[in-house]
Amino acid sequence: MRVSQFFISTLKEAPTEAELISHKLMLRAGIIKRLGSGLYTWMPLGLRVLRKIENIVREEMNKSGAIELLMPAVQPAEIWHETGRWEVFGPQMLKIKDRHEHDFCFGPTHEEVITDIARREIKSYRQLPLNFYQIQTKFRDEIRPRFGVMRSREFIMQDAYSFHTDSTSLDQTYQLMFDAYNKIFSRIGLNFRAVSADPGAIGGSRSHEFHVLADSGEDAIAFCPDSDYAANIELAEALPLSKSPQTPAPTNSMQKIVTPNKKTCQEVANFLNVPLEETVKTLAVMANDKFFLLLLRGDHQLNELKVNKIPFLAGFQLATEQQILEKTGTVPGFIGPVGLDDCLIVDKAVMEMKNFVCGANEKDYHLTNVNFDRDIKTPDHVLDIRNVVSGDLSPDGKGQLEICRGIEIGHIFQLGNKYSKDMKANYLNESGQSKPMEMGCYGIGVSRIVAAAIEQHHDAQGIIFPLAIAPFQLVIVPIGLKKNAQVKAEVEKLYQEFSTANIEALLDDRDERPGVMFADMELIGIPHRIVVSERGLKAGNIEYRGRRDEESQAVPLADIVTFITSKLCTN
RNA sequence: CGGGGCGUAGCGCAGUUUGGUAGCGUACUUGCAUGGGGUGCAAGUGGUCGGAGGUUCAAAUCCUCUCGUCCCGACCA
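Please read these numbers as outputs of a predicted model, since none were measured by experiment.

(A) Spotlight on the packing of helix α2 (residues 44-63) against helix α11 (residues 446-456). Across the interface, α2 lies against α11 with an axial gap of 9 Å and an inter-helix angle of 115°. Classified by the angle their axes make, α2 and α11 are roughly perpendicular. The element α2 and its partner α11 pack so that their crossing is right-handed. Residues Val49, Leu50, Ile53 and Glu54 of α2 lie in contact with α11, whose contacting residues are Val446, Ser447, Ile449 and Val450.

This is the structure in structure tokens:
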């Protein structure tokens, strides 16, 4: 491709709207243009990257035995009523009406559509298992779109849905998809990790997320450096702090201390000059019209997901100030467990504390040297209700956890038979009985991968695309193209030779100064560059430089095509 | 939805406090020079100052409403 016949539009300065490095670079490189909040045009350069990713996904999905189809982006409300998700999905779903006032949505996902296909087409166990996939534009009306295509409203996703007679078959396909996804992300050139995840609103049992590791990621991941354990922090189990936990015996007597206006654990710890880990925070919640106090160590964070999984706390909400006053006689900031033994839910880590500080249930007072068994009755409910922190014991018993951040680029689920039951997607088994199909679903955020890859691969000059998804593999920068007939002749010849060798070369034939061409090509992240100049040709050389290289190297003109070909193979 | 910020040329910004009819850098156009890291000089093009209403002799500037957008929070396959 000649630059003069393509479309490149770069910016020296990034628009203020961009915060994230990948977002800035995508705008500066002219990969995307914003049309509205969470809505982006993929410019020609960006589309080439997107297509490369799609093709890798397509190849690996096909290899795994999945079959491609394409479902409508707009879906009728009826099928969503069948699963109850017309209401459940909430405002994230963009609902629209046609001219007859009939309800539709712009598909945020396609379980309903594919299950409708399955119930119409699949009648017999002999047709199973089947795995359908598509690469499609979806729309989710995010509360707050941000970071460009990282969290946009319209986005491109590969979604696959598998159908099975039983969970053994589902397990097999789940494993195939797990392997295929690993293959895909490796081929793209991402530094990623598969982590155990919560199945979330979509329902189901087993689930893994695939995360690109990046400090800017929106998700926190707990992993064990000494094993392959990795889980979303929402899911990671917090073990007791020590391997044989016990409640220590008190050594000091309880005291009531005046702590004027000190409401948070941090404020109290500073005021009393004690470590934050020796304070206990008390959260008042209501669940099923009953009042509970959740106790956590001062430096720990509540994990709402874990609390919601406790049957009698499901659907809990923070208590109002009115309710707190009624039950404890005080205001938030000074609540404590002493004297309220009956409604305590205690995190495991708290049970290993002694002589701790907590609210006194009286405004502007806290208690110090509080201890279980003596000041508080041994609680009935000691549970895991906190987020793990760096240094916690790994649930697989193989070391300590560390926390890192990740960008979710893929997610695989076992759905079971929720959708097949709701929508009566049944098949006849060997004995002629009608059974609901077992289902799995598997998704990759195709457009998000572009941002994630850039987040992981860039430098001060701009993007460094992994070869597999680069818009072009090579750029030819001529110096003196208009002035020097020999340069022009060699450049044209090389351009033809690369084309014949199936190398995707971009020829920068603009009448620009070398510095401009270098800067642009580095910004848009072309992995390999050759420079053709009068100076080089006199010595019989072409200059080569990889995007990550510190310096250029001279390559004999006669060898350059072979040289580049080998570069493309080894990378 | 709650809190905060910002809307002035394609992009980055000044001008708003104290009203007087719009400016800088860059990009773009033209010419000359230059030709290995965003080159130099010169001359140009481009803005109903987000929109509507109001105050005033006069509004980018003051007032009211409105729209858009970004950040923080709650949400999320």
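Following the structure, the description resumes.
(B) Main features of helix α13 (residues 514-523). Met517, Asp520, Met521, Glu522 and Leu523 are the residues of α13 that are buried. For α13, the elements touching its buried residues are α1 (21-28), β26 (462-463), β27 (474-478), β28 (505-507) and β29 (528-532).

(C) How the structure looks around the side chain of Ser394. With respect to the helices, strands and loops of the structure, Ser394 is situated in the loop between β20 (381-383) and β21 (402-416). Exposure remark for Ser394: the relative accessible area of 1% places this residue in the buried category. Among the polar contacts made by the side chain of Ser394, one reaches the side chain of Asp396 at a distance of 2.6 Å. Contacts of Ser394, omitting those with residues within four sequence positions, involve Cys224, Tyr229, Leu239, Gly399, Gln400 and Leu401.

(D) Looking closely at the sheet that holds β29. Ordered in space as β28-β27-β29-β30-β31, the 5 strands form an open sheet in which the pairing is mixed. Looking along the sheet, the strands with just one partner apiece sit at the ends: β28 and β31 (553-556). The sheet shows a mean angle of 30° between the axes of neighbouring strands, taken without regard to direction. For strand β30 (residues 541-546) and β31, the ladder comprises 4 bridges, and the chain directions are antiparallel. Within β31, the residue paired with Ile542 across the bridge is Val555.

(E) The nonpolar core, seen in detail. Counting residues in each nonpolar core, the largest one holds 67 residues, and the members touching the most others are Met26, Ile31, Ile53, Tyr181, Phe185, Leu190 and Ile409. Of all hydrophobic cores here, the second largest spans 26 residues; its members include Leu128, Phe163, Phe413 and Leu415.

(F) Main features of the pattern of salt bridges. For the structure shown, the criterion picks out 39 salt bridges. Glu54 is the salt-bridge partner of Arg51, the closest N and O atoms lying 3.1 Å from each other. Pair noted here: Arg51 and Glu54 are both in helix α2, with a separation of 3 residues, about one helical turn. For Arg51, a relative accessible area of 42% puts it in the partly exposed group. Take Glu54: its relative accessible area is 6%, and that puts it in the buried class. Residue Glu504 pairs with Lys52 through a salt bridge whose shortest N-O separation is 2.4 Å. Here the residue Glu504 occupies a position in the loop between α12 (485-500) and β28, and Lys52 occupies one in helix α2, the gap between them amounting to 452 residues. Owing to a relative accessible area of 28%, Glu504 belongs among the partly exposed residues under this scheme.

(G) Summary view of α1. Of the residues making up α1, those classed as buried are Ser22, His23, Leu25, Met26 and Leu27. Once α1 ends, the next one or two residues include Gly30, with phi positive near 70°.

(H) Expanded view of the sheet that holds strand β17 (residues 344-347). The mixed open sheet is built from 5 strands, whose spatial order is β16-β14-β15-β17-β20. Two strands in the sheet have a free side with no partner beyond their single neighbour: β16 (317-318) and β20. One ladder, built from 2 bridges, connects strand β14 (residues 280-287) with β16; its direction is antiparallel. Along β16, the bridge assignment pairs Val285 with Leu318. Set on the sheet, helix α9 (residues 321-328) makes contact with β14 and β15 (290-297); between it and β15 the angle comes to about 90°.

(I) Just the confidence of the model for chain A, in detail. Mean pLDDT over chain A stands at 91; residues scoring 70 or higher make up 98%. Both confidence scores are given for the complex: pTM 0.89, ipTM 0.92.

(J) Molecular detail of the packing of aromatic side chains. Per the counting criterion, the structure on display carries 12 aromatic pairs. Aromatic pair Tyr544 and Phe563: ring centres 5.0 Å apart, planes at 70°, arrangement edge-to-face. Of this pair, Tyr544 sits in strand β30 while Phe563 sits in helix α15 (residues 560-570); the two residues are 19 residues apart in sequence, bridging distant segments of the chain. In terms of burial, Tyr544 and Phe563 fall into one category: buried. Among the aromatic side chains, those forming a connected cluster through ring pairs are Phe178, Tyr181, Phe185, Phe192 and Phe210. Cation over ring: Lys418 sits above Tyr419, and NZ or CZ is 5.3 Å from the ring centre. Geometry around Phe518 places Arg529 over its ring, the cationic atom sitting 4.2 Å from the centre.

Reading guide: rules and limits
Residues numbered from 1 in each chain as written. Chains lettered and ligands numbered in written order. Predicted model: local features only at pLDDT ≥ 70, side-chain atom pairs only at ≥ 80, totals over all residues. Heavy atoms only, no water. Axes fitted to C-alpha atoms, helices over the stretch in contact; angles between N-to-C directions. Helix = DSSP H or I, 4+ residues; strand = E, 2+ residues; numbered from the N terminus. Parallel < 35°, antiparallel > 145°, perpendicular 65-115°, else oblique. Left-handed = near helix turned anticlockwise from the far one by under 90°. Contact = heavy atoms within 4.5 Å. Buried < 20%, exposed > 50% of the residue type's maximum accessible area, 1.4 Å probe, protein only. Polar contact = N/O pair within 3.5 Å; in protein donor to acceptor, adjacent residues only side chain to side chain. Pairing = 2+ DSSP bridges. Core = buried A, V, L, I, M, F, W, Y, C linked by side-chain atoms within 4.5 Å. Salt bridge = Lys/Arg side-chain N within 4 Å of Asp/Glu carboxyl O. pLDDT = per-residue confidence, 0-100. Phe/Tyr/Trp six-rings, centres within 6.5 Å; stacked < 30°, edge-to-face > 60°. Lys NZ or Arg CZ within 6 Å of the ring centre and 35° of its normal.

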